[in-house]
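Architecture and fold: a report
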Amino acid sequence: MLIIGSGAAGNSLALKLPKNTSVGLISKTELHEGSTYYAQGGISAVLSKIDSIDQHVEDTMESGAGLCKEDIVKSVAKESKDIVDWLLEQGVKFTKNESSSSDKLHLTKEGGHTYPRIVHAADKTGEAIQDSLISKVKENSNIELFTHHVAIDLITTTEVNTNKKKCVGSYVLNKKTNLIDIFQAKFVVLATGGANKVYLYTSNPDTSSGDGIAMAYRAGCDITNMEFMQFHPTCLYHHKAKSFLVSESLRGEGGKLLLPNGEPFMHKYDSRGVLAPRDIVARAIDSEMKIHGFDYVLLDISHKDSSFVKKSFPNIYKKCLEFNIDITKTAIPVVPATHYTCGGINIDINAKTNIKNLYAIGEVAHSGLHGANRMASNSLLECIFFSKKVLEDIKKCEGEKHCSINSDLKYSRNKKISEEVIIKHSWKEIRTLMWNYVGIVRTNERLLKAKIRVSMYKKEIEDCFNKNVISSDLIELRNLIYIAEIIITSALTRKESRGLHYNLDYPGTNEKASDTVININVKNNIKLYQEK
Ligand code: FAD
Ligand code: SIN
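Residues numbered from 1 in each chain as written. Chains lettered and ligands numbered in written order. Predicted model: local features only at pLDDT ≥ 70, side-chain atom pairs only at ≥ 80, totals over all residues. Heavy atoms only, no water.

Turning to the overall build of the chain, a few remarks are in order. When helices and strands are counted, the chain shows 14 helices and 22 strands. Rg of the C-alpha trace for the chain: 22 Å, near the compact-globule value of 24 Å for 532 residues, within the 12% margin. Taking the principal axes of its C-alpha atoms as reference, the chain extends roughly 65 × 55 × 50 Å. Relative to its full complement of 532 residues, the chain shows a buried share of 59%. Here the analysis covers contacts within the chain between residues at least 6 apart in sequence; of these, 74% occur between residues at least 24 apart. Counting only carbon and sulfur atoms, one obtains 49% of the accessible surface of the chain, whose full area is about 21400 Å². Mean positive and mean negative side-chain charge positions of the chain (70 and 63 charges, respectively) differ by 3 Å. (Helix = DSSP H or I, 4+ residues; strand = E, 2+ residues; numbered from the N terminus. Rg over C-alpha atoms; globule rule 2.2 N^0.38 Å. Buried < 20%, exposed > 50% of the residue type's maximum accessible area, 1.4 Å probe, protein only. Contact = heavy atoms within 4.5 Å. Areas by Shrake-Rupley, 256 points an atom, 1.4 Å probe, with all protein chains shown as cover. Lys, Arg positive; Asp, Glu negative; His and termini not counted. Charge placed at Lys NZ, Arg CZ, Asp CG, Glu CD.)

Put into structure tokens, the structure is as follows:
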């Protein structure tokens, strides 16, 4: 099996596979790098006596604004406790409840959750998860690791007898040799994370350039609901901070949202105040900033005991202090930034895409769990839930369990791009365009302008990609332009406002909720690269 991506989704699948399965796990930089590592708040699970699976389901569906698939939500919520237990077995050190004499895990609260439901490792949950999973992955001899390898495209064939498309591997750029290797596998799993780098300001690391979604789209997968890009309401506003996230759990533990003059405002937008679902809080902040011309709003936890703040949020405390903001004494300037890709490659309950032997798990996928707006801390849960589903599904495919990886075939091109700086400029232009024209609040006019500009860039970038030596930056740039096009097309298709998609030209919500599905409908892509 070839697993592309070593975040919570890819790593947990690699660990769950039987030890006689040969696994290639590839990652475009270091193994730990990806959104998982930066997860702060935690992972939602029904553990408390006052809570129930039904309540978790109801809260998730309420956040999802009519587009969650109830069967998926139920299955995930039901498994949440087992998933936390599995993580504990892998050695993840979650924060314990101090006041309890037993070994109970501490549960915090985040937007949309009726009860405290978030299991966490202080405010560094992702780091704790990645550290444990990666050390286990390294111990398994059936898992071969390929770091600094960038998947470029999927290899598909059409089965003669069924005329069905089937995935048989991937073209991969080996950044160490600068050659393109062919990875062949019976099963390919995309676990490449989200696409939030398509926006200028994002909480995400550089790995989130939507590679898996763009590859799957080019191969002919259905891509669903990409108009629902989630903006996290509170990222640190500081010119050197690169949109550092200030966790929602800070509000869960009493943090207040205020205008720069100290006035609260969330009560005007939702009765749940600062703990309303994310789409509502992000839009409220955006609206207040626009009305008053503010560059930011404030998130204040300085009224809480300073040792409690330092202990609960050591990472946020330390990071803010680097910018001379002592959160135990003063409020934090914050702004919304893109955070999560709710749409993605369409999968069924077994994580299967519409291409045979191709699976997608984690943020790259659209499973129906999140609907039009993901509820906080449901993402890590989804990553691990679907890794188990892949395992269950491949067990059913008898005779196709043992897979091999062949990276002997080398492909390359000779022509070097004339000016590397062109790639940097195009990156910036696309991300600025998306931020300005396809942001939190949209209009038809802006979306149409963005569409025209993106189609122009796309021609240029495809041309550059087809003629020149393929670099990692060029691969990501090409993927970003596909992602921009998919988001804009999806946003123009949705003629209503729902969840994270708000269009001033269609402010109402349709009675019947439906998904937006995009498909490129291409034939084989097996001859994409020229042989050397
Ligand atoms: P990632 O963890 O992003 O991993 C993607 C992997 O794919 C990486 O290894 C990357 O190198 C690899 N990759 C990508 N493209 C290629 C390619 N072309 N070739 C080879 N490899 C490739 N969710 C929660 O539930 N709770 C939280 O508290 C929480 N906090 C968050 C805080 C921050 C700052 C961020 C950014 C996200 C947060 N999220 C949280 C969301 C959650 O972390 C992610 O949705 C989740 O971790 C995604 O996991 P993943 O395995 O799908 O992808
Ligand atoms: C956060 O800690 O605010 C992020 C939680 C999430 O994205 O689920």
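This next bit is on helix H6 (residues 211-219). By the criterion of burial, H6 is predominantly enclosed, with nine of the nine residues buried. Those residues of H6 that sit buried are Asp211, Gly212, Ile213, Ala214, Met215, Ala216, Tyr217, Arg218 and Ala219.

Looking now at the packing of aromatic side chains. One pass over the full model with this rule turns up ten aromatic pairs. Aromatic pair Tyr199 and Phe231: ring centres 5.5 Å apart, planes at 70 degrees, arrangement edge-to-face. Linking Tyr199 in the loop between strand S10 (188-190) and H6 with Phe231 in strand S12 (residues 229-236), this pair joins segments that are 32 residues apart in sequence. You can call Tyr199 buried: its relative accessible area is 0%. Under the relative-accessibility criterion, Phe231 is labelled buried at 4%. Connected via pairs of aromatic rings, a cluster forms that spans Tyr199, Tyr201, Phe231 and Trp435. Across the ring face of Trp86, the terminal group of Lys16 is positioned such that the distance to the ring centre comes to 4.4 Å. It is Arg374 that lies over the ring of Tyr340; its NZ or CZ is 4.1 Å from the centre. (Phe/Tyr/Trp six-rings, centres within 6.5 Å; stacked < 30°, edge-to-face > 60°. Lys NZ or Arg CZ within 6 Å of the ring centre and 35° of its normal.)

When the terminal C-alpha atoms of helix H11 (residues 379-396) are compared, their 26 Å separation across 18 residues agrees well with the 26 Å that a helix rising 1.5 Å per residue should span. For H11, the buried fraction is high: 14 of the 18 residues fall into the buried class. (Expected span 1.5 Å × (residues − 1).)

Lining the immediate surroundings of ligand 1 are 39 residues, of which Thr36, Gly42, Asp211, Glu363 and Ser379 lie closest. Between Gly41 and ligand 1, the recorded distance is 2.9 Å, taken from a backbone N or O atom to an oxygen atom. When isolated, ligand 1 has an accessible area of 1000 Å², and the protein chains bury 98% of it. Those elements that place two or more of their residues in the shell around ligand 1 are helix H1 (8-16), strand S2 (23-27), helix H2 (35-38), strand S7 (149-158), strand S15 (332-341) and H11. In terms of residue class, the shell around ligand 1 is made up of 13 nonpolar, 21 polar and five charged. (Near = heavy atom within 4 Å. Polar contact = N/O pair within 3.5 Å; in protein donor to acceptor, adjacent residues only side chain to side chain. Nonpolar A, V, L, I, M, F, W, Y, C, P; charged D, E, K, R; others polar.)

Residues Ile3, Ile43 and Leu190 are the most contacted members of the largest nonpolar core, which totals 120 residues. Looking at which element gives the most residues to this core, the answer is helix H14 (residues 472-493), with 13 residues. Excluding its chain neighbours within four sequence positions, the residues that come into contact with Leu190 are Ile4, Leu154, Gly212, Met215, Ala216, Ile345, Leu358, Tyr359, Ala360, Ile361 and Val364. (Core = buried A, V, L, I, M, F, W, Y, C linked by side-chain atoms within 4.5 Å.)

Neither face of strand S14 (residues 297-300) is left uncovered, since the one carrying Val297 and Leu299 and the one carrying Leu298 and Asp300 both have all their residues buried. With three bridges connecting them, strand S13 (residues 256-258) and S14 associate as antiparallel partners. For Leu257, the partnering residue across the bridge sits in S14 and is Leu299. (Pairing = 2+ DSSP bridges.)

Relative to each other, H6 and H14 sit at 75 degrees, their axes nearing to 9 Å. When the interaxial angle is binned, H6 and H14 end up roughly perpendicular. The residues of H14 that touch H6, namely those facing Asp211, Ile213, Ala214, Tyr217 and Arg218, are Glu476, Arg478, Asn479, Tyr482, Ile483, Glu485 and Ile486. The residue makeup of the contact of H6 with H14, split by class, is six nonpolar, one polar and five charged. (Axes fitted to C-alpha atoms, helices over the stretch in contact; angles between N-to-C directions. Parallel < 35°, antiparallel > 145°, perpendicular 65-115°, else oblique.)

Bringing the confidence of the model for the chain into the picture now. For the chain, mean pLDDT is 92; residues scoring 70 or higher make up 93% of the total. The low-confidence segment residues 522-532 (pLDDT under 50) makes 37 contacts with residues lying over four places distant or belonging to another chain. (pLDDT = per-residue confidence, 0-100.)

Right, let's get into the site of ligand 2. Around ligand 2 sit Gln40, Gly41, Glu110, His232, Leu245, Ser247, Glu248, Arg278, His339, Arg374, Ala376 and Ser377, and that is every residue in its neighbourhood. Ser247 places a polar side-chain atom, nitrogen or oxygen, 2.6 Å from an oxygen atom of ligand 2. A distance of 2.7 Å separates an oxygen atom of ligand 2 from a polar side-chain atom of Arg374. If ligand 2 stood free it would expose 260 Å²; the protein chains cover 93% of that surface. A class-by-class count of the residues in the shell around ligand 2 yields two nonpolar, six polar and four charged.

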